[in-house]
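# Descriptive analysis of the structure
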Amino acid sequence: MLRPEQMSKVSVTGSRDVMSEVIETIHELNLVHLSNYDGSWEGFEPGNPIEGAEEVSDKLVTIRSIESILDVQDEDAGPQRIVTDDALDDELEDIRTKVNTLDDKQNELQDELRSVEDRIDSMEPFAELGIDLDLLSGYDSLQVAVGEGNTDEIEQTLRDADDIQEFELFTGGRTVAIFAYPTDDADEDALDDALVGVDFASFEVPDASGSPEEYVSELRHERQKLESKLDGVEKELHDVKLDGAGFLLAAEEKLSIEVQKAEAPLQFATTENAFIAEGWIPTEKYNKLASDLDATVGDHVEVDELRRADYEEGHPHTVTEEAEEVATTDGGHVVDDDEQPPVVQDNPGPVKPFELLVETINRPRYFEFDPSVILFLTFPIFFGFMIGDLGYGLLYLAFGYAIYSKTSSLALKSLGGIALWAGLFTAIFGVLYGEIFGLHILGETIYGEMGPPIKKGLQPANAEYASTWLVLSLLIGLAHLTLGYLFGFFEELSHGFKDALLHKGSWIILMLGVWVWIFSKQMMGPKPPFLFEVFNGSPFALGFAGFPASVGTIALAVAAVGLVLMIAGEVSELGGPGALIGTLESLKSLSDVISYTRIAAVLLAKAGMAFVINLLFFGAYEHHDEWHFMLSYGPSYVNSHYEGASIIFPGLMHSGVAGVLVGLLILVVGHLLVLALGVTSAGLQAVRLEYVEFFGKFYQGGGEEYEPFGYERTHTTQD
């Protein structure tokens, strides 16, 4: 689980006479991740596509263009089918002709429709004005302008204009028509010049005559006819889609497969008479490849396992005897220890969804640990511990199941799977906390007077739990970070024990030394007392009151050793500046662990939000340092039955019909908000701890995705 599937580099060498049969066999197996030939071997050249590849590619482009026009989706496929070459020639040509004709007609109608709509838009202001179009132009002595503007401002401006003798304004809706008589010595742009400083948007007067209302009416009728014709064309296209979608998808798949096969030689090394194909394959599948090729072409090809990739960076791969023989035959080209194999993450079904979280950062490299299983073990626990409510947990489960079961996207399915696990642990912790939607009725029902085994620590009577969760968060951080450093340590071992100790082991020594000292009784003054109380009494009597002062002295010495080793590692990598950088970075041994206190902080914040929402609706009172919601009685009952109780808030539930209605709205919307914020706060904080704190100790990513040469058929059957 922590390592990807082991991969082997394989070579297939044979006569070009059987290259097509080899390509066909490898493609059907869908196992070999082909490597591109880099042209470095003397006497070998990259192969050429198989004859007919260009024609097949052209047909594939045509089909995809038709699918785009028809908006064909995978769900339109229908049953699997066999697509013959005759169908590709005849049926495809028939569909292409129909679609191109209808598409051209559709584009033509859409252009005409846009033109009519533009004319309607330009004419509507004149229709609002209500003046015949032939009255708005063609004058010798009058100047006319039509547009939108402030009539009072226009009128005042024209009244003050020196070049305008007389004017008249006509308005209709937001449109203003200005008829102006300029002075004798004014030029032909006198009206336009007068309106320069006015907020006035001018319209161009259409080249038409008669009533604009009638013209707009005619244009709208023409638009209706065009829309009707366009609907008819779209219906015809839809009918073509219904009839041809299955064929098009199957034909696309068939041609995609043919293009893959035809272009495969581009990745091969070839001579006039022979070829060599190399690639990666899961080691356990190598025998399957060899036996299938032997059954297909027999002695005409030689299949060799060149090497099995080790999991340690920088270490030579295991080179097989067959590889040595091939290396001798073709000049040693197979020895390339720097090439990294593609990555096939090897996780059981429940862990698979968490590969999405890992790949969000980047796919692990072949020699890195795959942290998916650690995310599976920690992320849902972090999330569930922070939310800890049966009601919210069941809703997360429902959402997760809906996403997982109703979608076909692998990414969405993974999100659904993550939500299922997060919801499950939220529900489990909800039962342990005895809470459902922030109410404690679950704890009272299941556990009786004793109450639930753990509490969130929000109430004054249970405040010691808040301190406990704070300390527990620190311990979780120590364990999580130590695991991350251990992963990094084992990965660094490929470079030698010294590098592993200096770059990763030193951090473990430093961090554990610092925190053992913090939990020791040495120099108790600046240390918070709760560090030594929460596991030595209430709520957990585990008998731990801190490490003795002597252990603290040893821890300081250990931390000093870790600091020296860590600085030495920085100096060996960065030279002189490494000492300063190492000294500054040593503070991370403290800050990184403290970062995990966000677990306790989010826990209390979410509990507080749920409490406030329930408080507003049900109301609550305080009695003996405990808060109680008034679920079945009101403030008057509390005052008469609980001496010394104080009402925190009377509750909208107990304030009449209007209060109940408003309160119900607050209750539902409020809990939905907490549900959503659970993802954006608890979810993101848990992800941050994984990505920033945990991954940062050992993980880089950047592995190559395993993409085997082949095709998973969904629309076609084997010919």
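These numbers come from a predicted model, not from an experiment.

### A word on the overall build of the protein
Secondary structure summary: the protein contains 21 helices and 14 strands in total. Relative to the compact-globule value of 27 Å for 719 residues, the protein shows a C-alpha radius of gyration of 39 Å, a clear excess of over 25%. Dimensions of the protein along its principal axes, counting C-alpha atoms only, are 110 × 100 × 60 Å. With 719 residues in all, the protein has 45% of them scored as buried. Long-range pairs, those at least 24 residues apart, make up 77% of the contacts in the protein with a sequence separation of at least 6. Taking the average place of the 42 positive charges on the side chains of the protein and the average place of its 120 negative ones, the gap between the two points comes to 9 Å.

### Some words on the nonpolar core
Among the nonpolar cores identified, the biggest contains 73 residues, and W469 and W515 are the most heavily contacted of them. Sequence-distant contacts of W515, defined by excluding residues within four places in its chain, comprise L474, L478, S589, L590, V593 and I594. Core analysis: the second largest hydrophobic core is formed by 32 residues, L92, V99, L219 and L249 among them.

### Some points on the sheet that holds strand 7 (residues 200–203)
Read from one edge to the other, the open sheet built from four strands follows the order 5-6-4-7, with strand pairing classed as antiparallel. The open sheet terminates on both sides in strands that have one partner only, identified here as strand 5 (164–172) and strand 7. For this sheet the average axis-to-axis angle between neighbouring strands, irrespective of direction, equals 35°. Bridge count between strand 5 and strand 6 (residues 175–182): eight bridges; the pairing is antiparallel. Bridge assignment links T171 to a residue of strand 6, and that residue is V176. Where helix 4 (residues 151–160) meets the sheet, its contacts fall on strand 4 (143–149), strand 5, strand 6 and strand 7, and the angle it forms with strand 5 comes to roughly 170°.

### Structural notes on the UniProt feature "coiled-coil region" (unreviewed entry) in the protein
Mapped onto this structure's residue numbering, the UniProt feature "coiled-coil region" (unreviewed entry) falls at residues 92–119 and 216–243. Between the C-alpha atoms that bound residues 92–119 the distance is 40 Å, and the span itself is 100% helix and 0% strand. Across residues 216–243 one finds 100% helix and 0% strand; the C-alpha atoms that close the span lie 40 Å apart.

### Describing the pattern of salt bridges
Taken as a whole and judged by the stated rule, the model has 23 salt bridges. Notably, a salt bridge pairs K59 with D89, separated by 2.9 Å at the nearest N-O pair. Taken together, the residues K59 in helix 2 (residues 53–70) and D89 in helix 3 (residues 85–129) connect sequence positions 30 residues apart. Here K352 makes a salt bridge to E355, at a shortest N to O gap of 3.4 Å.

### Brief notes about the environment of E214
On the secondary structure map, E214 appears in helix 6 (residues 212–263). You can call E214 exposed: its relative accessible area is 54%. Through-space distance from the C-alpha of E214 to that of A127 is 8.3 Å; in sequence the pair is 87 residues apart.

### Considering the environment of F203
One can find F203 in strand 7. Using a relative accessible area of 23% as the deciding quantity, one classes F203 as partly exposed. If sequence neighbours within four positions are ignored, F203 has contacts with P125, F126, V146, G147, E148 and T175.

### Here's the deal with unusual backbone geometry
Excluding glycine, residues mostly carry a negative phi; peptide bonds, for their part, are mostly trans. For F437, which is not glycine, the phi torsion reads 55° and is therefore positive. Within the secondary structure, F437 sits in the loop between helix 12 (410–433) and helix 13 (441–447). Judged by relative accessible area, F437 falls into the partly exposed class, the value being 30%. Non-glycine residue D625 carries a positive phi angle of around 65°. Among the structural elements, D625 can be located in the loop between strand 12 (620–623) and strand 13 (626–629).

### Here we look at the UniProt feature "transmembrane region" (unreviewed entry) in the protein
Following the UniProt record, one finds the feature "transmembrane region" (unreviewed entry) at residues 373–398, 410–433, 469–489, 501–520, 540–568, 599–621 and 657–679. Helix makes up 90% of residues 501–520 and strand 0%. Its end C-alpha atoms lie 26 Å apart. The distance from the first to the last C-alpha atom of residues 540–568 is 41 Å, and the span holds 69% helix and 0% strand.

### Topic: the packing of aromatic side chains
Following the criterion strictly, the structure yields 40 aromatic pairs and no others. Cluster of aromatic residues (ring-pair linked, three or more members): F369, F487, Y691, F694, F695, F698 and Y699. It is K413 that lies over the ring of Y404; its NZ or CZ is 4.8 Å from the centre. Positioned over the ring face of Y433 is K456, at 5.3 Å from the centre of the ring.

### Here's the deal with the pairing of strand 1 (residues 7–15)
Counting buried positions along strand 1 yields seven of nine residues, so the element is predominantly enclosed. Sheet analysis places strand 1 next to strand 10 (residues 301–308), joined by seven bridges and oriented antiparallel. Each residue of the ladder has a partner; that of V12, found in strand 10, is V303.

### Description of a nonpolar patch on the surface
On the surface, a nonpolar cluster with roughly 370 Å² of combined accessible area is contributed by L486, F490, L493 and F497. Among the structural elements, L486 can be located in helix 14 (residues 463–492).

### Topic: the environment of E148
Inspection of the secondary structure assignment puts E148 in strand 4. Exposure remark for E148: the relative accessible area of 28% places this residue in the partly exposed category. When the C-alpha positions of E148 and F203 are compared, they lie 8.0 Å apart, and in sequence the two are 55 residues distant.

### Remarks on the side chain of K606
Following the sequence through the fold, K606 ends up in helix 19 (residues 598–618). With no salt bridge to any partner, buried K606 finds its closest opposite charge in D389, at an N-O distance of 12 Å. In terms of polar contacts, K606 uses its side chain to reach the side chain of S681, at 3.2 Å. Aside from chain neighbours lying at most four places away, what touches K606 is M386, I387, V674, L677, G678 and S681.

### Some words on the sheet that holds strand 12
On the basis of which strands lie adjacent, the open sheet formed by three strands has the order 13-12-14 and antiparallel pairing. Of all strands in the sheet, those with a lone pairing partner are strand 13 and strand 14 (646–649), marking the two edges. Ignoring which end each strand starts from, the neighbouring axes of this sheet average 35° apart. Here strand 12 runs beside strand 14; their pairing, made up of three bridges, is antiparallel.

Calculation rules
Every chain's residues receive numbers from 1 upward, in the order its sequence appears when written. Totals for whole chains, interfaces and linings use all residues, but because this is a predicted model, local features are given only for residues with pLDDT of at least 70 and pairs of side-chain atoms are given and counted only at 80 or more. Only hydrogens and water are set aside; all other atoms, that is, all heavy atoms of the structure, feed into the side-chain values. Under the DSSP-based scheme used, a helix requires at least four consecutive residues in state H or I and a strand at least two consecutive residues in state E, with every element numbered from the N terminus. Put simply, the radius of gyration uses C-alpha atoms, and a globule should come to 2.2 Å times the residue count raised to 0.38. A simple rule labels every residue: compare its accessible area, found with a 1.4 Å probe on the protein chains alone, to the largest value its type can have, and call it buried under 20%, exposed over 50%, or partly exposed in between. Throughout, a residue-residue contact means that at least one pair of heavy atoms, one from each residue, lies within 4.5 Å. We count Lys and Arg on the positive side and Asp and Glu on the negative side, and we leave His and both chain ends out. Lys charges are placed at NZ, Arg charges at CZ, Asp charges at CG and Glu charges at CD. Residue types Ala, Val, Leu, Ile, Met, Phe, Trp, Tyr and Cys, when buried and joined through side-chain atoms within 4.5 Å, form a set referred to as a nonpolar core. Being paired, for any two strands, means DSSP has found at least two bridges between them. In this description, a line fitted to the C-alpha atoms serves as the axis of each element, helices being fitted only across the stretch in contact, and the angle between N-to-C directions of two axes falls anywhere from 0 to 180 degrees. UniProt positions are given in the numbering used here, feature names are shortened, and annotations may be inferred rather than shown by experiment. Just to be clear on terms, a salt bridge is a Lys or Arg side-chain nitrogen sitting within 4 Å of an Asp or Glu carboxyl oxygen. Here a Phe, Tyr or Trp ring, Trp counted by its six-membered ring, pairs with any other such ring whose centre lies within 6.5 Å, and the pair is stacked when the planes are under 30 degrees apart, edge-to-face when over 60, and tilted otherwise. Two conditions define a charge sitting above a ring: the NZ of Lys or the CZ of Arg must be within 6 Å of the ring centre, and it must be within 35 degrees of the ring normal. Excluding any residue in a salt bridge, patches collect residues exceeding 30% relative accessible area, merging like charges within 9 Å and nonpolar Val, Leu, Ile, Met, Phe, Trp and Tyr side chains within 5 Å. Note that accessible areas follow from Shrake-Rupley with a 1.4 Å probe, and for residues the cover is restricted to the protein chains shown. Two N or O atoms form a polar contact when they lie within 3.5 Å of each other; inside protein one atom must be a possible hydrogen donor and the other a possible acceptor, and for residues adjacent in sequence the pair counts only when both atoms belong to side chains.

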